[in-house]
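Structural overview for review
This is what each chain is made of:
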Amino acid sequence: MFLLLFASCNDDNSFSTSTNNTLLFSIDTLKLDTVFSNIASSQKNFWIYNKSGNGIRISSVQLKDGNQNGFQVNIDGIPLNSTSGYQTHNIEIRKGDSIRVYVKLLAASNYSDKPKRLNDEIVFTLENGIQQNIKLDAFSWDATIMKNVHISSNTTLNASNKPIVISGRLTVDSLATLTIAAGSTIYFQSGAGLYIYGTLISKGTASKNVILRGARLDNMFNYLPYDYVSGQWIGVHLYNSSFNNIINYTDIHSPFDGIIADSSNLSVPKLLLYASTIHNCQGYGLYTANNKIQVYNCQLSNTLKNCLYIDGGNVDINGCTIAQYYPFDSKRGTAILFSSAKNRLDIKCQNTLITGYADNEMIGIRDNDSTKFKYHFANNIIRTPKVATADSIYFTDIIYENVKDTSSTGKKNFIKIDEDNLRYDFHLNRYSSAISKGNTTTIPAEDRDGKIRDNTPDIGAFEYKQE
């Protein structure tokens, strides 16, 4: 028994120099997608397996180009850095065993407006003389980095050619105006956001939208970019002192809250949100407390809390699509919630499509004083039970979605609601009951895409496009 045990242990510790014995890798190329220069990428990894039947010694592991491109490699807990000459030696992998390799990228500036491709190799030289390698592939993109910036005078951000990355708080003083130029894409790192005490002017156009999004350019899974995951950044906060904000043709997606608008003086406009999108929020889409706000031709969609929460104030909604298909939590809020519990409410909603998963996607909360609760809905499609006769004077030409049709949950209105792959397209499809149901005299002349509405306009943010 002792001899058998000794032979077994001796076999586990045997290492072959035969050229028939090589390593297996979980990948042949490690891709890091696109990363911003001077900002460390997320960490990726791969496995090295020894399935040869004997132990294998790796004489050396070397990062071929050293520190020229900024790749950072750690193999089995050993970093390949400048101290070691970007290499290590004499790593043993017993038969049937494996080790893990971790890779990050911290690329230097490439002094170009376009992404630059970076390549390197990790070279494994085995004791038997065979060399194997793993290719490293990424793109590095120069960006303007703004960290905890306080804007105290009128400022314009133009990221139409070179991206801007926000780290921490970008704060606009109460006496200042921040203007974002058309075609700009602003990237926000985790925990970053816009804090507006003054005024925000987002000057997107139909052909050159402004985009506010998270800074992660890589994927959570092969099919799922981080850009499709909610809560990637904080969002936009309009404080009490903030007035006359204008957000045109702007795409705000995957933040915690899209826009939070604190209570202000109702005699001064707080926000005009025009032809814009707020999508995929881990909190609210648009939350407004006792403000004067206009929301025209906008898409508010897929939020953990309410897509639109109106906590009092004077709010005018027209030509919008408010759709609640948030995929990450079944306890999602409704498409729209309006309340006079704290503040006097005066809401007008026209030519708007309000729908989602639930049987009732619109909820109103009224204070005991009915004079504080004013509302009127006209030419809308609403996924809600038909209102009582006593309330019918507040609802004109309403199409009530069939809440008994649980198979569609309003999805039949849209081109794509793909919960499995998190792909959404809220343009109308040919089966939508919103087609030609808008009011010609009250609906905005253009839709979310800047398309002129015809003489039989469609309810919602988008005019139907022939498929």
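Summarised in this report is the structure supplied together with it. (Residues numbered from 1 in each chain as written. Predicted model: local features only at pLDDT ≥ 70, side-chain atom pairs only at ≥ 80, totals over all residues. Heavy atoms only, no water.)

Points about unusual backbone geometry
Only a minority of non-glycine residues have a phi that is not negative, and only a minority of peptide bonds are not trans. Of note, the phi angle at Asp 76 is positive, near 55°, even though the residue is not glycine. Secondary-structure assignment places Asp 76 in the loop between strand 5 (71-75) and strand 6 (78-80). We classify Asp 76 as partly exposed; its relative accessible area is 44%. Positive phi values are uncommon outside glycine, yet Asn 280 reaches one of about 65°. Mapped onto the elements, Asn 280 comes out in strand 26 (residues 277-281). (Helix = DSSP H or I, 4+ residues; strand = E, 2+ residues; numbered from the N terminus. Buried < 20%, exposed > 50% of the residue type's maximum accessible area, 1.4 Å probe, protein only.)

So, the sheet that holds strand 2 (residues 29-36)
In space, the five strands of this open sheet follow the order 2-10-9-4-7, with mixed pairing throughout. Looking at strand neighbours, the two that pair on one side only are strand 2 and strand 7 (87-93), the edges of this open sheet. Each adjacent strand pair in this sheet contributes to an overall mean axis angle of 20°, direction not counted. In the sheet, strand 2 pairs with strand 10 (residues 131-141) via six bridges, with the strands oriented parallel. By the bridge assignment for strand 10, Thr 34 is matched with Phe 139. (Pairing = 2+ DSSP bridges. Axes fitted to C-alpha atoms, helices over the stretch in contact; angles between N-to-C directions.)

Points about the layout of surface pockets
Volume-wise, the largest pocket comes out at about 510 Å³. Residue lining of the largest pocket: 22 residues in total, with Asp 251, Thr 277, His 279, Gln 299 and Tyr 424 positioned closest to the centre. Elements with a minimum of two residues in the lining of the largest pocket: strand 23 (250-253), strand 26, strand 28 (299-303) and strand 40 (423-428). Tallying contributions element by element places strand 40 first for the lining of the largest pocket, with five residues. (1 Å grid on protein atoms, 1.4 Å probe; cavity = no way out; pocket = protein on both sides within 12 Å on 5 of 7 lines; lining within 4 Å. Points joined across faces, edges and corners; volume = space filled by probe spheres on them.)

Section: the pairing of strand 26
The element strand 26 is largely enclosed, with a buried count of five among its five residues. Alignment of strand 23 against strand 26, held across three bridges, turns out to be parallel. Counterpart to His 253 in the pairing with strand 26 is His 279. Pairing of strand 26 with strand 28, which is carried by four bridges, proceeds in the parallel orientation. From the neighbouring strand, His 279 faces strand 28, where its bridge partner is Ser 301.

Some points on the nonpolar core
Counting 56 residues, the largest nonpolar core has Leu 212, Ile 259, Leu 273, Phe 338 and Phe 377 as its most contacted members. Excluding anything up to four places from it in sequence, Ile 259 contacts Val 236, Leu 238, Ile 247, Ile 252, Leu 271, Leu 273, Ile 278, Gly 285, Leu 286 and Tyr 287. (Core = buried A, V, L, I, M, F, W, Y, C linked by side-chain atoms within 4.5 Å. Contact = heavy atoms within 4.5 Å.)

Section: the pairing of strand 21 (residues 235-238)
Across four bridges, strand 16 (residues 193-196) lies against strand 21 in parallel orientation. Residue pairing across strands places Leu 194 opposite Val 236, the latter belonging to strand 21. As defined by bridge partners, strand 21 adjoins strand 24 (residues 259-261) across three bridges and the pair is classed as parallel. Note that in strand 24 the partner of His 237 across the bridge is Ile 260.

Let's talk about a nonpolar patch on the surface
On the surface, Met 220, Phe 221 and Tyr 223 cluster together into a nonpolar patch covering about 280 Å² of accessible area. Relative to the assigned elements, Met 220 resides in strand 19 (residues 219-221). (Patch = residues over 30% accessible without salt bridge, like charges linked within 9 Å, V, L, I, M, F, W, Y side chains within 5 Å. Areas by Shrake-Rupley, 256 points an atom, 1.4 Å probe, with all protein chains shown as cover. Salt bridge = Lys/Arg side-chain N within 4 Å of Asp/Glu carboxyl O.)

Looking at the pattern of salt bridges
With the rule as written, the count across this model stands at 13 salt bridges. The partner of Glu 463 in a salt bridge is Arg 453, and the shortest N-O contact between them spans 3.5 Å. With Glu 463 in the segment after strand 40 and Arg 453 in the segment after strand 40, this pair connects stretches of sequence that are 10 residues apart. Glu 463 sits in the buried class, given a relative accessible area of 2%. In the salt-bridge network here, residues are joined through shared partners; they are Lys 31, Arg 117 and Asp 137.

A short note on the state of the cysteines
Under the defined criterion, the tally for this structure stands at zero disulfides. As a non-bridged cysteine, Cys 281 has Cys 307 as the owner of its nearest cysteine sulfur, 8.1 Å distant. For Cys 281, a relative accessible area of 0% translates into the label buried. Take Cys 298: it sits in no disulfide, and the sulfur closest to it among the cysteines is that of Cys 320, at 4.9 Å. Judged by relative accessible area, Cys 298 falls into the buried class, the value being 0%. (Disulfide = S-S within 2.5 Å.)

Section: the packing of aromatic side chains
Within this structure, the stated rule accounts for 26 aromatic pairs. With centroids separated by 4.2 Å and ring planes inclined at 10°, the aromatic side chains of Phe 188 and Trp 233 adopt a geometry described as stacked. With Phe 188 in strand 15 (residues 185-188) and Trp 233 in the loop between strand 20 (224-225) and strand 21, the pair connects residues that are 45 residues apart, well separated along the chain. You can call Phe 188 buried: its relative accessible area is 1%. Exposure remark for Trp 233: the relative accessible area of 1% places this residue in the buried category. Ring centres 5.7 Å apart and planes at 45° place the aromatic pair Tyr 284 and Tyr 309 in the tilted group. (Phe/Tyr/Trp six-rings, centres within 6.5 Å; stacked < 30°, edge-to-face > 60°.)

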